[in-house]
Amino acid sequence: MAIPTNRKPVMTLYSGSNDPYSHRTRIVLFEKDIECQIIEVDPDRKPRELADLNPYNQVPTMVDRDLVLYESNIINEYLDERLPHPPLMPVDPVSRAKARLMLMRFDRDWYSLLPEITGPDRKAAQRARNVVRDGLTVISPVFKDQPFILGDEFSLVDCSLAPILWRLDHYGIDLPRQAKSIIEYAEERLFARKSFKLSLTEAERELRPKS
Ligand SMILES: N[C@@H](CCC(=O)N[C@@H](CS)C(=O)NCC(=O)O)C(=O)O
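Below: a short report on this structure.

What counts, and where the lines are drawn
Residues numbered from 1 in each chain as written. Predicted model: local features only at pLDDT ≥ 70, side-chain atom pairs only at ≥ 80, totals over all residues. Heavy atoms only, no water. Core = buried A, V, L, I, M, F, W, Y, C linked by side-chain atoms within 4.5 Å. Buried < 20%, exposed > 50% of the residue type's maximum accessible area, 1.4 Å probe, protein only. Helix = DSSP H or I, 4+ residues; strand = E, 2+ residues; numbered from the N terminus. Contact = heavy atoms within 4.5 Å. Near = heavy atom within 4 Å. Polar contact = N/O pair within 3.5 Å; in protein donor to acceptor, adjacent residues only side chain to side chain. Areas by Shrake-Rupley, 256 points an atom, 1.4 Å probe, with all protein chains shown as cover. Nonpolar A, V, L, I, M, F, W, Y, C, P; charged D, E, K, R; others polar.

**What to know about the nonpolar core**
Now for step 1: Counting residues in hydrophobic clusters, the biggest one holds 51 residues, and the most contacted among them are Leu136, Leu161, Ile164 and Leu165.
Now for step 2: Broken down by element, this core gets its largest block of residues, eight residues, from helix 8 (residues 156-166).
Now for step 3: With near-sequence residues (within four places) excluded, Leu161 lies in contact with Phe106, Trp110, Tyr111, Leu136, Ile139, Ile149 and Tyr185.

**Considering unusual backbone geometry**
As a rule of thumb, non-glycine residues mostly have phi less than zero, and peptide bonds are mostly trans rather than cis.
Now for step 1: The omega angle of the peptide bond from Val59 to Pro60 is 0°, so this bond is cis rather than trans.
Now for step 2: Relative to the helices and strands, Pro60 resides in the loop between helix 2 (48-53) and strand 3 (61-64).
Now for step 3: Across the junction of His85 and Pro86, the peptide omega takes the value -15°, indicating a cis bond.
Now for step 4: Summarising the element assignment, Pro86 is placed in the loop between helix 3 (72-82) and helix 4 (93-110).
Now for step 5: One non-glycine residue with positive phi stands out, namely Asn57, at about 55°.
Now for step 6: For Asn57, the position within the fold is in the loop between helix 2 and strand 3.
Now for step 7: For Arg65, which is not a glycine, the phi torsion comes out positive at approximately 50°.
Now for step 8: Position of Arg65 relative to the elements: it lies in the loop between strand 3 and strand 4 (67-70).

**Brief notes about the site of the ligand**
Now for step 1: Contacts to the ligand come from Asp19, Tyr21, Lys46, Gln58, Val59, Pro60, Glu71 and Ser72.
Now for step 2: Take Gln58: an N or O atom from its side chain is 3.0 Å from an oxygen atom of the ligand.
Now for step 3: Glu71 has a polar side-chain atom sitting 2.9 Å from a nitrogen atom of the ligand.
Now for step 4: Coverage of the ligand by the protein chains reaches 67% of its 520 Å² of free accessible surface.
Now for step 5: Residues belonging to the shell around the ligand are distributed by class as follows: three nonpolar, two polar and three charged.

So, in structure tokens, the structure goes:
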């Protein structure tokens with residue numbers, strides 16, 4: 001997928017078409033309307049240059065002139081600083097630190113479980129699903145009082161959470177009734193957002209054909 005443009009884009013993103021980490025960065029690109037060439041990487045046939053660019057040979061990987069970045073949260077913070085409009089991180093140090101803690105916890109507590117959820121051990125997969133389900137249920141009340149996870153403004157923390165929420169059915173995670181507020185947040189405020197819709201690849205759209 002490439003964004004149509006007359007000018008040669010300065011940035012290139014190597015992205016997986018159904019990869020939640022790449023999805024985070026695509027949301028940021030469209031939120032900020034950044035001109036970027038997006039190269040879809042087939043995990044079974046990665047382009048040879050990816051291993052030269054990224055020692056982990058993973059997506060997302062971003063190239064901006066001489067700078068090569070990997071790790072979705074690092075790429076996203078860089079994009080936020082390089083193209084500050086609209087800002088996606090809070091301004092004050094305390095709120096920024098809290099946002100970074102949340103980003104770290106999503107990865108450690110939930111995203112780290114995705115290989116187990118999609119892996120062959122059915123018991124381990126169900127245990128992992130339950131951890132994610134319970135974690136999302138615990139944070140759900142936050143969205144009763146505020147539209148986004150940090151408050152009134154959409155942020156990198158929302159960009160980081162959105163891909164897992166989009167994939168709940170795909171991962172076989174059923175949220176209980178007590179998690180109504182987080183479901184409303186996802187459906188009414190995240191999935192309805194223009195940048196989110198634009199961020200979706202065909203493969204990702206097929207995960208929720210009715211949305
Ligand atoms: N912590 C990294 C995770 C990146 C990651 O796990 N990428 C996967 C996509 S599912 C990948 O490229 N896997 C292929 C491989 O490791 O060979 C991030 O936030 O970007």
